[in-house]
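Each chain, written out:
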Amino acid sequence: QDEGGSANPRYITREIKLAQPATSINIKVAISKPTNTDVDVYYKIKTADEDNYRKLDYVEFVKSEGYINYNGVGFRDFEFDVRELEEFSAFGIKLVMRTQNSSVVPKVTDLRIIALAK
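### Re the overall build of the protein chain
From N to C terminus, the protein chain includes one helix and eight strands. Reading the protein chain from its N end, one meets helices and strands in the order β-β-β-β-β-α-β-β-β. Expected size for 118 residues packed as a compact globule is a radius of gyration near 13 Å; at 15 Å, the protein chain falls within 12% of this value. Referenced to the eigenvectors of the C-alpha coordinate spread, the extents of the protein chain come out at roughly 45 × 30 × 20 Å.

In structure tokens:
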């Protein structure tokens, strides 16, 4: 599920290399999510120098109940967080915008990504 499909718009970061290893990722992003639309947020981590970053699999962030229950055209800030990962030296983020009607689409802005050490 690296680049994954061609039907949905995506935002995919390049490999983000860290000066110091981290074990957690925190994402804050403003999302406009009209009814019957969604934004899936994924991460992948590089835990060893010999890993081929492009071949690593993405893992979906767990969505909060507040996010799942939100349907609105105005932007609202949401947070996605994963902790206690295996120590990693590089990572990437992928956002996939999905809709059932191409004239009504989700939107994202103000993406902030933080990698945290223990």
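On we go from here.
### Structural notes on the sheet that holds strand E6 (residues 72-82)
As summarised here, the arrangement of the three strands in space is E6-E3-E8, forming an open sheet in which the pairing is antiparallel. The sheet is open, and its two edges are formed by E6 and strand E8 (107-116), each paired on a single side. Averaged over neighbouring strand pairs, the angle between their axes works out to 10° when direction is ignored. Direction of pairing for strand E3 (residues 24-33) relative to E6: antiparallel, over a ladder of eight bridges. By the bridge assignment, asparagine 26 is partnered in E6 with aspartate 81.

### Considering the nonpolar core
Where a protein is soluble and globular, its nonpolar side chains tend to be buried together. Judged by nonpolar contacts, the single largest core of 21 residues is most densely connected at Ile25, Ile27, Tyr43, Phe61, Phe80 and Ile93. Breaking this core down by element, the ones donating at least two residues are E3, strand E4 (37-46), E6 and strand E7 (88-99). By residue number, the principal contributor to this core is E7, which donates five residues. For phenylalanine 80, the contacting residues outside a window of four places in its chain are Ile25, Asn26, Ile27, Val29, Ile31, Val41, Phe61, Val62, Lys63 and Tyr67. In this structure, Tyr42, Tyr53, Leu56 and Tyr58 belong to the second largest nonpolar core, which totals five residues.

### Quick word on the confidence of the model for the protein chain
Low pLDDT means the predicted atomic positions in that stretch should not be read closely. Here the protein chain averages 93 in pLDDT, while 94% of its residues score no lower than 70. Of all secondary-structure elements in the protein chain, the lowest mean pLDDT belongs to helix H1 (residues 65-69), at 93, while strand E5 (residues 59-60) reaches the highest, 98.

The rules we used
Residues numbered from 1 in each chain as written. Predicted model: local features only at pLDDT ≥ 70, side-chain atom pairs only at ≥ 80, totals over all residues. Heavy atoms only, no water. Helix = DSSP H or I, 4+ residues; strand = E, 2+ residues; numbered from the N terminus. Rg over C-alpha atoms; globule rule 2.2 N^0.38 Å. Pairing = 2+ DSSP bridges. Axes fitted to C-alpha atoms, helices over the stretch in contact; angles between N-to-C directions. Core = buried A, V, L, I, M, F, W, Y, C linked by side-chain atoms within 4.5 Å. Buried < 20%, exposed > 50% of the residue type's maximum accessible area, 1.4 Å probe, protein only. Contact = heavy atoms within 4.5 Å. pLDDT = per-residue confidence, 0-100.

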